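# Secondary and tertiary structure notes
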Amino acid sequence: MKDFCGTPGTYLGLVLRMSQFIFAAGSIASMATSTSFFNLTAFCYLIASMGLQIIWSFVLALLDVYALARKKVLLNPVLISLFVVGDWVTATLSLAAASASAGITVLYFHDLGHCRFGEECQKYQISVALAFLSWISTSISSLIMLWLLAAG
């Protein structure tokens, strides 16, 4: 089971963590450069959720880099349990935030027609799309961690 794809301390594990980090950072950057994201609670929740995702992914990416430098695979059951819980929590928060923001984006800007500024609306849509991409990579990672814990 040591050569399983996405195991912590492997190159694919590092790629998953870096993609989570990059997509979450892009989501925050896109949302934060708009002028009035703070007026809608769902967008503030998206910023908070992606901030937590950035911290979590960065710390685990550092662990992956450390394990790659030491040429060891991180298969400690306690560590894998921590990864499972953290990944599932951040995946749930990311999905909730991305879904809420997508719903507000569709309702507010398409259904109600309040999008007078095309560039700002595009920033919101890009931010939501990047949040969903971050969630996809987080959910892949969380399923891999759950599989590793079950195979333990």
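Computed from a predicted structure; not experimentally measured.

## Quick notes on the overall build of the protein chain
Scanning the protein chain for helices and strands turns up four helices and zero strands. Listing the helices and strands of the protein chain from first to last along the sequence gives α-α-α-α. Seen through its principal axes, the protein chain has C-alpha atoms that stretch 55 × 25 × 20 Å. Classification of the 152 residues of the protein chain by burial places 41% in the buried group. Across the protein chain, the fraction of contacts at a sequence separation of at least 24, relative to all contacts at a separation of at least 6, is 82%. Here the protein chain displays about 8,000 Å² of accessible surface, and carbon together with sulfur accounts for 74% of that area.

## Quick look at the nonpolar core
Residues Met31, Phe43, Leu46 and Tyr124 are the most contacted members of the largest nonpolar core, which totals 13 residues. Elements supplying a minimum of two residues to this core: helix H1 (11-32), helix H2 (41-70), helix H3 (77-111) and helix H4 (118-151). Other than its neighbours up to four places away in sequence, Tyr124 contacts Met31, Ser34, Ser36, Phe37, Phe43, Thr105 and Phe109. Counting residues in hydrophobic clusters, the runner-up holds nine residues, among them Leu16, Ile144, Met145 and Leu148.

## Regarding the pattern of salt bridges
Within this structure, the stated rule accounts for one salt bridge. A salt bridge links Asp87 to Arg17, with the shortest nitrogen-to-oxygen separation between them at 2.8 Å. Here Asp87 is found in helix H3, whereas its partner Arg17 is found in helix H1, with 70 residues between them in sequence. Neither Asp87 nor Arg17 differs from the other in exposure class; each is buried.

## As for the state of the cysteines
For the structure on display, the rule yields zero disulfides. Left without a disulfide partner, Cys44 is nearest to the cysteine sulfur of Cys121, which lies 17 Å away. For Cys44, a relative accessible area of 31% translates into the label partly exposed.

## Description of the environment of Met50
Among the structural elements, Met50 can be located in helix H2. Judged by its relative accessible area of 0%, Met50 is buried. Taking C-alpha positions, Met50 is 6.6 Å from Ile28, a pair spaced 22 residues apart along the chain. In this structure Met50 touches Ala24, Ser27, Ile28, Ser94, Ala131 and Ser134, once residues within four positions along its chain are discounted.

## Regarding H1
Taking 1.5 Å per residue, 22 residues should reach 32 Å; H1 reaches 31 Å between its end C-alpha atoms and fits that length. Residues of H1 that are buried include every one of Gly13, Leu14, Leu16, Arg17, Ser19, Gln20, Ala24, Ser27, Ser30 and Met31, and no others.

## A word on the UniProt feature "transmembrane region" (unreviewed entry) in the protein chain
In the UniProt entry, the feature "transmembrane region" (unreviewed entry) is given for residues 20-38, 45-68, 88-109 and 130-150. Here residues 20-38 runs as 68% helix and 0% strand, with 23 Å between its end C-alpha atoms. Helix and strand shares over residues 130-150 are 100% and 0% respectively, and the end C-alpha atoms of the span are 30 Å apart.

## Details of the packing of aromatic side chains
Inspection of every chain in the model, using the stated rule, returns three aromatic pairs. Aromatic pair Phe37 and Phe38: ring centres 5.9 Å apart, planes at 75°, arrangement edge-to-face. Take Phe37: its relative accessible area is 17%, and that puts it in the buried class. On the accessibility criterion, Phe38 (54% relative accessible area) is exposed.

What counts and how
- Residues numbered from 1 in each chain as written.
- Predicted model: local features only at pLDDT ≥ 70, side-chain atom pairs only at ≥ 80, totals over all residues.
- Heavy atoms only, no water.
- Helix = DSSP H or I, 4+ residues; strand = E, 2+ residues; numbered from the N terminus.
- Buried < 20%, exposed > 50% of the residue type's maximum accessible area, 1.4 Å probe, protein only.
- Contact = heavy atoms within 4.5 Å.
- Areas by Shrake-Rupley, 256 points an atom, 1.4 Å probe, with all protein chains shown as cover.
- Core = buried A, V, L, I, M, F, W, Y, C linked by side-chain atoms within 4.5 Å.
- Salt bridge = Lys/Arg side-chain N within 4 Å of Asp/Glu carboxyl O.
- Disulfide = S-S within 2.5 Å.
- Expected span 1.5 Å × (residues − 1).
- UniProt positions renumbered as here; feature names shortened; annotations may be inferred.
- Phe/Tyr/Trp six-rings, centres within 6.5 Å; stacked < 30°, edge-to-face > 60°.

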